[in-house]
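# Understanding the architecture of this molecule
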Amino acid sequence: MRSSRLPSVSPEIEKLIDLLAKVPGLGRRSAQRAALALLKKRDTLLAPLAQALVEASEKVKACSACGSLDAMDPCAICASPTRDQGLICVVGEVGDVWALERAGVFRGRYHVLGGVLSALDGVRPEDLRVGKLVERAAAPEVREVIIALNATVDGQTTAHYLTERLQGVDVAVTRLAHGVPVGGELELLDEGTLLAALTSRRPF
Amino acid sequence: MSVEWTDDAIVLGARPYGETQALAEVFARGHGRAAAIVHGGASRRMKPVLQLGNVVRVTWKARTADQLGFFAPLELTDPHAARVLDDQAALAAMSCAADLVRAGTADRQPYAGLYDAFIVLLDALGTPDIWPALYTRFELGLLAELGYGLDLGECALTGANDDLAFVSPKTGRAATRSAGEPYADKLLRLPPFIANPAAPVESGDVADAFALAGWFLERRIFDRQGHGMPDSRRRLIEALGHRGRL
């Protein structure tokens, strides 16, 4: 296979390409294009990006309450008086918070576990922010914990584990429904999703 | 010259590999535990297929036999994962069986008997009255398949083959109730349904079977590998205990 390394570029450019190529979604060739675009638009793109990276590195931290990322602690969502303090939505990663916020369908607070239990990846309960969740759920204003983890074996194993850990806490524990996605056509769905949809059917 | 095989397999796990691919590990009936790249394995279409416990029909291809290779095609034939997602105990049983297969079996060595036992277990996971006892038999079967089978045919002390009630933790050999009773505190209990498949499963028998299999799994497989029993086994026993199914 032909190498996509550029033999004649300076070490500075090569280092920039190497680092960009580590960003998810960017292969080496995409990183080369991105580096070129940055270097062409030095004032409007490269310098502001460098500044933004420095600021993000210095200021963005995990929220001590929910584990999400923000420049303030507690994060804007946890600190907001307009969010429902009685609802906690448990997600695996910060990206899940962003997905739910994009949809604009949830007005409570979040709890980011930092992953899910996985034998394959060696993730154990003590690697996740489970103790903090139990502590937060025990607050008197909390009335429901919504477990919004992936519908995968690891995600649901974690969901069951959390449900068990929350048994001693006086809150309702619910989880997201599994089934037919909006716009989904039955004939195109995989057997597992169809099975989950049938199992979770409800009165119409 | 390229090599390839096609086989029925149980998915043991998958993790992202690059942006669009997955590195999947399967337990194939005639080819044992094998890992390979699945092109498009990170896609919405393939992620549900690559869930632990699903049975697939898979073709493995590589340029040489010792290469990682890739699975193509890989088609779902039985979606066991979706069946058990809502059942904590069944999910833990499926995960634990996969963990044991991963820990105990050698790469690319066929274990057809163990595969068949795994399939029987997966098929039974929808029947809560049956599968906990079946699961413990799976663990003992795994030990036997790996060469650590217990000798439950006759009493090691008297040679009798009825009323076997204990197992020596040192030798793995059975003892009758009368011969073993004086040493009961040093022996492992042998539930009747393990010695005799036709015997009914009474309360406490499944717990005894877990203790029996766990003793030997720990010492003969996990201790030798330098790590403890999988968390999924503890979760499984706890889940069954909470439901009064031990």
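Every value quoted in this text rests on a predicted model; they were computed, and no experiment measured them. (Residues numbered from 1 in each chain as written. Chains lettered and ligands numbered in written order. Predicted model: local features only at pLDDT ≥ 70, side-chain atom pairs only at ≥ 80, totals over all residues. Heavy atoms only, no water.)

### Things to note about the overall build of chain B
The following threshold applies: In DSSP terms, a helix is any run of H or I states spanning at least four residues, a strand is any run of E spanning at least two, and both are numbered starting from the N terminus. We compute the radius of gyration from the C-alpha atoms alone; for a globule the expected value is 2.2 Å times N to the 0.38, where N is the number of residues. Buried means the residue's accessible area, taken with a 1.4 Å probe over protein chains only, is under 20% of the maximum for its type, while exposed means over 50%, and partly exposed covers the values in between. Residue exposure ignores everything except the shown protein chains as possible cover, and the areas themselves are Shrake-Rupley values with a 1.4 Å probe.
Secondary structure summary: chain B contains eight helices and eight strands in total. The globule rule puts the C-alpha radius of gyration for 246 residues at 18 Å, and the 20 Å found for chain B is close to it. If one aligns the C-alpha atoms of chain B with their principal axes, the spans along those axes are about 60 × 40 × 30 Å. Taking all 246 residues of chain B together, the buried fraction comes to 50%. Roughly 11,100 Å² of accessible area belongs to chain B as shown, and the carbon and sulfur atoms make up 51% of that amount.

### Re the side chain of Ser-95 of chain B
What counts, and what does not: In what follows, a contact means two residues having at least one pair of non-hydrogen atoms within 4.5 Å.
Relative to the helices and strands, Ser-95 of chain B resides in helix 2 (residues 88-104). When residues no more than four places from it in sequence are discounted, the contact partners of Ser-95 of chain B are Val-153 and Thr-157 of chain A together with Leu-52 and Ser-232 of chain B.

### Considering helix 2 (residues 28-40) of chain A
All names here are of chain A. Put simply, the rule reads: A helix is expected to span 1.5 Å multiplied by its residue count minus one. The arc in question is formed by the directions pointing from the helix axis toward the C-beta atoms.
Taking 1.5 Å of rise per residue, 13 residues should cover 18 Å, and helix 2 covers 18 Å from first to last C-alpha, within 8% of that figure. Buried residues of helix 2: Arg-28, Ala-31, Gln-32, Ala-35 and Leu-38, and no others. The buried residues of helix 2 occupy an angular sector of 130° when projected down its axis, which confines them to one face. Set apart from the buried face of helix 2 by more than 90 degrees, the exposed residues are Arg-29, Arg-33 and Lys-40. Residues of helix 2 that are buried sit in contact with helix 1 (11-20) and helix 3 (42-59).

### Considering the environment of Leu-166 of chain A
Residues and elements named next belong to chain A. Secondary-structure assignment places Leu-166 in the loop between helix 7 (153-165) and strand 6 (172-175). Its relative accessible area of 2% is what places Leu-166 among the buried residues. Sequence-distant contacts of Leu-166, defined by excluding residues within four places in its chain, comprise Leu-133, Val-134, Ala-137, Val-145 and Val-173.

### Section: the interface of chain B and chain A
For clarity, the cut-off: Counted as salt bridges are all cases of a side-chain nitrogen of Lys or Arg within 4 Å of a carboxyl oxygen of Asp or Glu. Two N or O atoms form a polar contact when they lie within 3.5 Å of each other; inside protein one atom must be a possible hydrogen donor and the other a possible acceptor, and for residues adjacent in sequence the pair counts only when both atoms belong to side chains.
Taken together, the contact pairs 26 residues of chain B with 23 residues of chain A. Across the salt bridge formed by Arg-15 of chain B and Asp-121 of chain A, the nearest N and O atoms sit 2.6 Å from each other. Summed over the shared surface of chain B and chain A, the result is seven residue pairs in polar contact (both at pLDDT 80 or more). Elements with a minimum of two residues in the side of chain B that touches chain A: strand 1 (3-17), helix 1 (80-84), helix 2 and helix 8 (231-242) of chain B.

### Some thoughts on the pattern of salt bridges
One pass over the structure, following the stated rule, counts 22 salt bridges over all chains. In this structure, the salt-bridge partner of Arg-143 of chain A is Asp-84 of chain A, at a minimum N-O distance of 2.7 Å. One end of the pair, Arg-143 of chain A, is in the loop between helix 6 (130-137) and strand 5 (144-147); the other, Asp-84 of chain A, is in the loop between helix 4 (76-79) and strand 3 (87-91), and 59 residues separate them in sequence. Look at Arg-143 of chain A and you get partly exposed, because its relative accessible area is 48%. Look at Asp-84 of chain A and you get partly exposed, because its relative accessible area is 25%. Beyond isolated ion pairs, a larger network of salt bridges with shared partners links Glu-25, Arg-33, Asp-99, Arg-102 and Asp-107 of chain B.

### Quick word on the sheet that holds strand 7 (residues 174-176) of chain B
Residue and element names in this part refer to chain B. Condition: Only when DSSP finds a minimum of two bridges between them are two strands counted as paired.
Pairing is antiparallel in the open sheet, where three strands are placed in the order 7-6-8. Edge positions in the sheet fall to strand 7 and strand 8 (188-189), since each of these pairs with one other strand and no more. Pairing of strand 6 (residues 164-167) with strand 8 involves two bridges; the strand directions are antiparallel. Across the sheet, the residue bridging to Phe-166 is Arg-189, located in strand 8.

### Looking at the sheet that holds strand 5 of chain A
Residues and elements named next belong to chain A. Our working rule: Throughout, an axis means a line fitted to C-alpha atoms (over the contacting stretch in the case of helices), and angles, computed between N-to-C directions, take values from 0 to 180 degrees.
Judged by pairing direction, the sheet is parallel, and its four strands sit side by side in the order 4-3-5-6 without closing on themselves. The open sheet has two edge strands with one neighbour each: strand 4 (109-112) and strand 6. Going from strand to strand, the sheet's axes swing by 25° on average, the running direction of each strand aside. Pairing of strand 3 with strand 5 involves four bridges; the strand directions are parallel. By the bridge assignment for strand 5, Ile-88 is matched with Val-145. Helix 6 rests against strand 3, strand 4 and strand 5 of the sheet, and its axis sits at about 155° to strand 4.

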